[in-house]
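Structure at a glance
The primary structure of each chain is shown beneath.
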Amino acid sequence: MALTDADVQKQIKHMMAFIEQEASEKVEEIDSKAEEEFNIEKGRLVQTQRVKIMEYYEKKEKQIEQHKKIQMSNLMNQARLKVLKARDDMIADLLHEARQRLAEIAKDPANYSILLEGMVLQGFFQLLEPKVTIRCRQQDVEMVQAAVNKVIPIYKEAVKSNIIVKIDQERFLPSEICGGVEVYNDNGKIKVSNTLENRLDLIAQQMMPEIRVNLFGANPNRKFTD
């Protein structure tokens, strides 16, 4: 039975509708898949950037923390240096005051003459030379000569040996020092310095740990005090 034109048109329309339906579904499928892939890629990119941002700020935070530690360390070192400087200044002031007080000793002839006797005799014992030269302040020559005359017998009795003593009348110790003597062997190559300043420096050096403890307290980081 032959199809009429109406039947042909109807079949064609039906086929076109079917093709359009499949095409529409295919488009939707492609759109859906594209959307899914887009979301996946977007999520991946977002996550990648998030990780990068987190790593960046984590690195920045570590840098800031390290910078803070360095600054804190520098500040602590500066503070420590200031404390040490203040302590050194205080000790320097203390020694300066002690030197000023030393000058008062020579103003008391009775006590100063006894002190000179001890210094001269100590110089003899340290050198143990048959000939020595004494250098002193010009204003102390008479007192030093008296001290020499007094201690020579003591020295001879102790070492069972004679000693010849010369007081240098050409080269004197500076008049501005507090006092004391320097004792030399015969050729002048060996010297015993027994000035008041020198004795103060020796005592200060020996007593410095004790002085620091008395002024600033014990150092908790120091295991040994000697």
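Note that this is a predicted model, so its numbers are computed, not measured.

**Topic: the overall build of the chain**
A count of helices and strands for the chain gives 4 helices and 4 strands. Counting from the amino terminus, helix and strand elements in the chain follow one another as α-α-β-α-β-β-β-α. Taking 226 residues into account, the globule formula puts the C-alpha radius of gyration at 17 Å, and the chain, at 50 Å, lies well above it. Counting over 226 residues, the chain shows a buried share of 22%. The contacts of the chain with a sequence gap of at least 6 include a subset with a gap of at least 24, amounting to 73%. Of the accessible surface of the chain, which amounts to about 17500 Å², a share of 56% is contributed by carbon and sulfur atoms. Once the 34 positive and 36 negative side-chain charges of the chain are each reduced to a mean point, those two points are 9 Å apart.

**Remarks on the pairing of strand β2 (residues 164-167)**
Strand direction decides the pairing type here: strand β1 (residues 131-136) and β2, joined by 4 bridges, are parallel. Its bridge partner lying in β2, V132 is registered against V165. For the segment spanning β1, helix α3 (residues 141-159) and β2, crossover handedness is right-handed.

**Looking at helix α2 (residues 109-127)**
Helix length check: α2 (19 residues) gives 27 Å between terminal C-alpha atoms against 27 Å at 1.5 Å per residue, within 8%. Looking only at α2, the buried set comprises Y112, L116, E117, M119, V120, L121, G123, F124 and L127. Two residues or fewer after α2 comes L128, characterised by a positive phi angle close to 50°.

**A look at the packing of helix α1 (residues 5-105) against helix α4 (residues 196-216)**
Packing of α1 against α4 brings their axes to within 11 Å, and their N-to-C directions diverge by 140°. Relative to α4, the element α1 lies oblique. The hand of the α1/α4 crossing is right-handed. Within the contact between the two elements, α1 uses R87, D88, M90, I91, L94, L95, A98, R99 and L102 and α4 uses L196, E197, L200, D201, A204, M208, I211, R212, L215 and F216. For the contact of α1 with α4, the residue count by class is 13 nonpolar, no polar and 6 charged.

**As for the nonpolar core**
By size, the foremost hydrophobic cluster in this structure holds 27 residues, and its most contacted members are V120, F124, I134, V144, V181 and V183. Looking at this core, the elements with two or more residues in it are α2, β1, α3, β3 (180-185) and α4. When sequence neighbours within four positions are dropped, the list of residues in contact with I134 reads V120, F124, V144, V148, V165, K166, I167, D168, V181, E182 and V183.

**Quick notes on the packing of aromatic side chains**
What the rule picks out here adds up to 3 aromatic pairs. Each ring, one from Y56 and one from Y57, has its centre 5.2 Å from the other, and the planes form 85°; the classification is edge-to-face. For Y56, a relative accessible area of 44% corresponds to the partly exposed category. Taking the relative accessible area as the measure of exposure, Y57 reaches 53% and is therefore exposed. An aromatic cluster of three or more residues is present, and its members are F124, F125 and Y155.

**Observations regarding the confidence of the model for the chain**
With 95% of its residues at a pLDDT of 70 or more, the chain has an overall mean of 87. When pLDDT is averaged over each element of the chain, β1 comes out on top at 97 and α4 at the bottom at 82.

**Points about the pattern of salt bridges**
Across all of its chains, the model carries 11 salt bridges by this definition. We note a salt bridge from E41 to R44, for which the minimum N-O separation is 2.4 Å. Taken as a pair, E41 and R44 lie in helix α1 at a separation of 3 residues, close to a single helical turn. Using a relative accessible area of 35% as the deciding quantity, one classes E41 as partly exposed. The class of R44 is partly exposed, set by a relative accessible area of 44%. For the salt bridge of E157 with K160, the shortest nitrogen-to-oxygen distance reads 3.2 Å. The exposed category is assigned to K160, whose relative accessible area is 64%.

Calculation criteria
- Residues numbered from 1 in each chain as written.
- Predicted model: local features only at pLDDT ≥ 70, side-chain atom pairs only at ≥ 80, totals over all residues.
- Heavy atoms only, no water.
- Helix = DSSP H or I, 4+ residues; strand = E, 2+ residues; numbered from the N terminus.
- Rg over C-alpha atoms; globule rule 2.2 N^0.38 Å.
- Buried < 20%, exposed > 50% of the residue type's maximum accessible area, 1.4 Å probe, protein only.
- Contact = heavy atoms within 4.5 Å.
- Areas by Shrake-Rupley, 256 points an atom, 1.4 Å probe, with all protein chains shown as cover.
- Lys, Arg positive; Asp, Glu negative; His and termini not counted.
- Charge placed at Lys NZ, Arg CZ, Asp CG, Glu CD.
- Pairing = 2+ DSSP bridges.
- Right-handed = clockwise from strand over helix to strand, strands pointing away.
- Expected span 1.5 Å × (residues − 1).
- Axes fitted to C-alpha atoms, helices over the stretch in contact; angles between N-to-C directions.
- Parallel < 35°, antiparallel > 145°, perpendicular 65-115°, else oblique.
- Left-handed = near helix turned anticlockwise from the far one by under 90°.
- Nonpolar A, V, L, I, M, F, W, Y, C, P; charged D, E, K, R; others polar.
- Core = buried A, V, L, I, M, F, W, Y, C linked by side-chain atoms within 4.5 Å.
- Phe/Tyr/Trp six-rings, centres within 6.5 Å; stacked < 30°, edge-to-face > 60°.
- pLDDT = per-residue confidence, 0-100.
- Salt bridge = Lys/Arg side-chain N within 4 Å of Asp/Glu carboxyl O.

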